[in-house]
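Below, each chain spelled out in residue letters.
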Amino acid sequence: MRQKTIDRIVNIVKRKNPNLIIITDDVYGTFVEGFRSLMADLRRNIIGVYSFSKYFGATGWRLGVVAIHQDNIYDRMVADSRRRAQPHLRACRCHSRPGWCCSPSPTPRTPTSA
């Protein structure tokens, strides 16, 4: 990828959409002289995919890794979504499974005598 393109992507993420999730497939990076993954510039937003089978010439193997940086947007996004869901999860009593509700606005049930 040309540096101009990388700079444009970095600019979009930093200025317009800091929560953008980008998946990079760096499988052929080891064959490109001077290769630099987009993970180097946007470590918080990248999910990196790499396959060992190409590098080792192991046709048919499906061995690789998926990587994210320790400081990433995904952990924060999951934590934020849990905080937003907490009031709903506490109020829901319509199913036997804790925290499960098919109703968008549950009304707590009161026990009935049989």
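These numbers were taken from a predicted model, which means no experiment stands behind them.

Q: So what exactly am I meant to see when it comes to the side chain of D26 here?
A: Within the secondary structure layout, D26 lies in the loop between β1 (22-25) and β2 (46-51). No salt bridge is formed by the buried D26. Its closest oppositely charged neighbour is R36, at 10 Å. Separated by 2.5 Å, the side chains of D26 and S37 make a polar contact. The contact partners of D26, leaving out residues within four places of it in the chain, are F35, S37, V49 and Y50.

Q: Sorry, what's going on with the pattern of salt bridges here?
A: Pairing is possible between side chains of opposite charge, provided their charged atoms come close. All chains considered together, the criterion is met by three salt bridges. One salt bridge connects D41 with R36, and the closest N-O pair in it is separated by 2.8 Å. Looking at D41, the relative accessible area reads 26%, which means it is partly exposed. According to the relative accessible area criterion, R36 is partly exposed, its value standing at 48%. For R76, the salt bridge goes to D80, with nearest N and O atoms at 3.5 Å. In this pair, R76 and D80 both sit in helix α3 (residues 73-91), four residues apart, roughly one turn of the helix.

Q: What should I look at first to understand the nonpolar core in this one?
A: Most often, soluble globular proteins keep nonpolar side chains buried together rather than apart. Grouped together as the largest cluster of nonpolar side chains are seven residues: I6, V10, V13, I22, L38, L42 and I46. A per-element tally of this core places helix α1 (residues 3-16) first, with three residues. If near-sequence neighbours (up to four positions away) are discounted, I46 is found in contact with I22, T24, L38, M39, A67, I68 and Y74.

Conventions we followed
Residues numbered from 1 in each chain as written. Predicted model: local features only at pLDDT ≥ 70, side-chain atom pairs only at ≥ 80, totals over all residues. Heavy atoms only, no water. Helix = DSSP H or I, 4+ residues; strand = E, 2+ residues; numbered from the N terminus. Buried < 20%, exposed > 50% of the residue type's maximum accessible area, 1.4 Å probe, protein only. Lys, Arg positive; Asp, Glu negative; His and termini not counted. Salt bridge = Lys/Arg side-chain N within 4 Å of Asp/Glu carboxyl O. Polar contact = N/O pair within 3.5 Å; in protein donor to acceptor, adjacent residues only side chain to side chain. Contact = heavy atoms within 4.5 Å. Core = buried A, V, L, I, M, F, W, Y, C linked by side-chain atoms within 4.5 Å.

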